[in-house]
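A closer look at the structure
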Amino acid sequence: MHKVIVAGGGAAGMMAAIWAAREKKQVLLLEQNEKLGKKLFITGKGRCNLTNGCESEEQFFSKVVSNYRFLYSSFSGFSNQDTIEFFESLGLRLKRERGERIFPVSDHSSDVIKVLSKEMDKLGVIVRLNTKIKSLMIEEGIFRGVRLSNGQIETGDSLILATGGFSYPSTGSTGDGYEWAKEAGHKVTELSPSLVPIHIKEDCCKRMMGLSLRNIGFRAYAGKKKVYEEFGELLFTHFGISGPVALSFSAYAGKYLKKDLKIVLDLKPAMSKDQLDSRILRDFHEKMNKQFKNSLDDLLPKKMIPIIIEISAIAPDKKVNEITREERSRLVTLLKEFPLTVTGLGNWNEAIITKGGIAVKEVNPKTMESKLVKGLYFAGEILDLDALTGGYNLQIAWSTGYLAGKNA
């Protein structure tokens with residue numbers, strides 16, 4: 001019987017093992033951690049945003065940052081809708097949330113790992129935990145087996161490398177897979193942390209730490225050139241900003257860091273400047289005898305009010321009926337164009353995914369097999385593929401894992 005070895009018990013590895021076993025192959029999954037799905041367990045803040053329910057391929061590919069064309073075959077073979085049906089067929093009940101993000105009804109990522117483990121067990125996949133691979137055995141361009149760190153050798157007809165990247169190193173993402181791929185002759189593109197928080201120069205972020213803003217406009221400028229625009233949720237942290245819009249921008253931000261990178265927040269995107277001015281005038285009319293510092297409760301979150309007052313340079317004790325048109329105009333502009341200066345990005349310990357990886361031009365997109373080594377396959381984050389937040393990166397793991405498993 002054809003024997004497939006899967007290196008890595010994360011999302012892509014477990015999916016690959018299941019589909020290889022469904023193809024009646026003998027499957028051995030090797031995981032260096034003490035349990036499966038260690039990184040999967042913490043994704044989506046422990047809730048596991050396992051895919052995105054967007055309706056078209058175009059929508060999905062628009063969220064893939066690197067090498068989206070490479071995914072045409074794997075996504076066609078196992079789409080986001082296939083992922084939903086797959087998990088439901090395993091008995092996992094799912095729900096759809098804002099932004100078409102798909103989660104288990106239970107809100108427990110452990111339930112995702114549980115159904116995958118159960119299916120592998122049912123299919124006879126042999127799982128060996130606490131097992132570390134030392135090197136690959138390749139002879140004359142053909143995969144033959146793996147040497148384990150304890151000196152043992154496991155022979156096999158195919159190997160699926162699904163060892164992940166460098167992100168969240170505490171979950172066992174050591175980057176070993178990259179080294180084995182290099183030894184096999186593969187090129188690894190430049191690696192960098194992606195989907196990370198953004199470090200901001202201004203101390204206002206620290207003062208608003210923990211404040212989450214929904215439905216804000218987010219624009220980024222490198223010098224005077226607008227390089228990114230998004231709408232969504234933002235979180236202020238002790239060093240800057242995080243949350244979906246900030247994390248997504250971080251996937252593109254690296255190349256602009258040396259170009260005077262600034263972010264402009266639109267705190268009231270549903271209103272034009274004229275509409276916002278009218279709204280403020282109405283509020284001021286209702287509170288005409290109040291001081292400016294006590295007039296913004298209906299307009300802004302409490303934590304943000306002292307910051308806005310300070311930057312607006314309007315005297316906090318000034319009565320609103322004494323505020324000049326010029327001062328009001330300054331306030332409107334500030335709410336529509338709240339400025340932040342980017343100083344850097346988060347590190348590997350904060351990265352949700354790895355940007356860069358095995359060069360996809362050396363991998364057959366229709367099978368996930370190496371073009372350099374017969375019997376060597378790749379799946380998941382180890383490949384030079386990355387996407388924005390919202391379930392897209394896990395979908396890449398499911399799709400590539402499926403294809404590798406079917407063909408290994």
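Since this is a predicted model, take the numbers as computed values, not measurements.

The rules behind the values
- Residues numbered from 1 in each chain as written.
- Predicted model: local features only at pLDDT ≥ 70, side-chain atom pairs only at ≥ 80, totals over all residues.
- Heavy atoms only, no water.
- Helix = DSSP H or I, 4+ residues; strand = E, 2+ residues; numbered from the N terminus.
- Buried < 20%, exposed > 50% of the residue type's maximum accessible area, 1.4 Å probe, protein only.
- Contact = heavy atoms within 4.5 Å.
- Pairing = 2+ DSSP bridges.
- Axes fitted to C-alpha atoms, helices over the stretch in contact; angles between N-to-C directions.
- Phe/Tyr/Trp six-rings, centres within 6.5 Å; stacked < 30°, edge-to-face > 60°.
- Lys NZ or Arg CZ within 6 Å of the ring centre and 35° of its normal.
- Core = buried A, V, L, I, M, F, W, Y, C linked by side-chain atoms within 4.5 Å.

On to the environment of Val-245. Mapping Val-245 onto the fold places it in helix α9 (residues 244-253). Using a relative accessible area of 3% as the deciding quantity, one classes Val-245 as buried. Placed 14 residues apart in sequence, Val-245 and Phe-231 show a C-alpha to C-alpha distance of 6.9 Å. Excluding residues that lie within four positions of it along the chain, Val-245 makes contacts with Ile-216, Phe-218, Tyr-228, Glu-230, Phe-231, Gly-232, Glu-233 and Leu-234.

When strand β5 (residues 94-97) meets strand β6 (residues 101-104), the two strands line up antiparallel, connected through four bridges. From the neighbouring strand, Lys-95 faces β6, where its bridge partner is Phe-103. Hairpin connection, β5 to β6: the antiparallel pair is bridged by three residues, and Gly-99 has positive phi, about 75°.

Here we take up the sheet that holds strand β9 (residues 142-148). The three strands lie next to each other as β8-β9-β10, forming an open sheet whose pairing is antiparallel. Only two strands of the sheet have a single partner each, and these edge strands are β8 (133-139) and β10 (153-155). Along the sheet, successive strands turn relative to each other by an average axial angle of 25°, direction set aside. As defined by bridge partners, β9 adjoins β10 across three bridges and the pair is classed as antiparallel.

With that settled, the discussion passes to the packing of aromatic side chains. Taken as a whole, this structure holds 21 aromatic pairs when the rule is applied. Taken together, a centroid distance of 5.7 Å and an interplanar angle of 55° make the contact between Phe-218 and Phe-249 tilted. With a gap of 31 residues between them, Phe-218 in strand β14 (residues 212-222) and Phe-249 in helix α9 connect regions that are remote in the sequence. An aromatic cluster of three or more residues is present, and its members are Trp-19, Phe-78, Phe-86, Phe-87, Trp-398 and Tyr-402. Between Arg-22 and the ring centre of Trp-19, over which it is positioned, the NZ or CZ distance is 4.6 Å. Here the guanidinium or amino end of Lys-35 rests over the ring plane of Phe-41, the centre of that ring lying 5.3 Å away.

Sheet strands associate in pairs through backbone hydrogen bonding, adopting either a parallel or an antiparallel arrangement. Read across the open sheet, the three strands follow the order β3-β6-β5; overall the sheet is antiparallel. Here the strands that pair on one side only, and so sit at the sheet edges, are β3 (51-52) and β5.

So, on to the nonpolar core. In globular proteins that are soluble, nonpolar side chains generally tend to be buried together. By size, the foremost hydrophobic cluster in this structure holds 79 residues, and its most contacted members are Leu-40, Leu-50, Phe-87 and Trp-398. Setting aside anything within four residues of it in sequence, one finds Phe-87 in contact with Leu-50, Leu-92, Leu-94, Val-112, Val-115, Leu-116 and Trp-398. Grouped together as the second largest cluster of nonpolar side chains are 52 residues, Ile-198, Leu-267, Ile-307 and Val-342 included.

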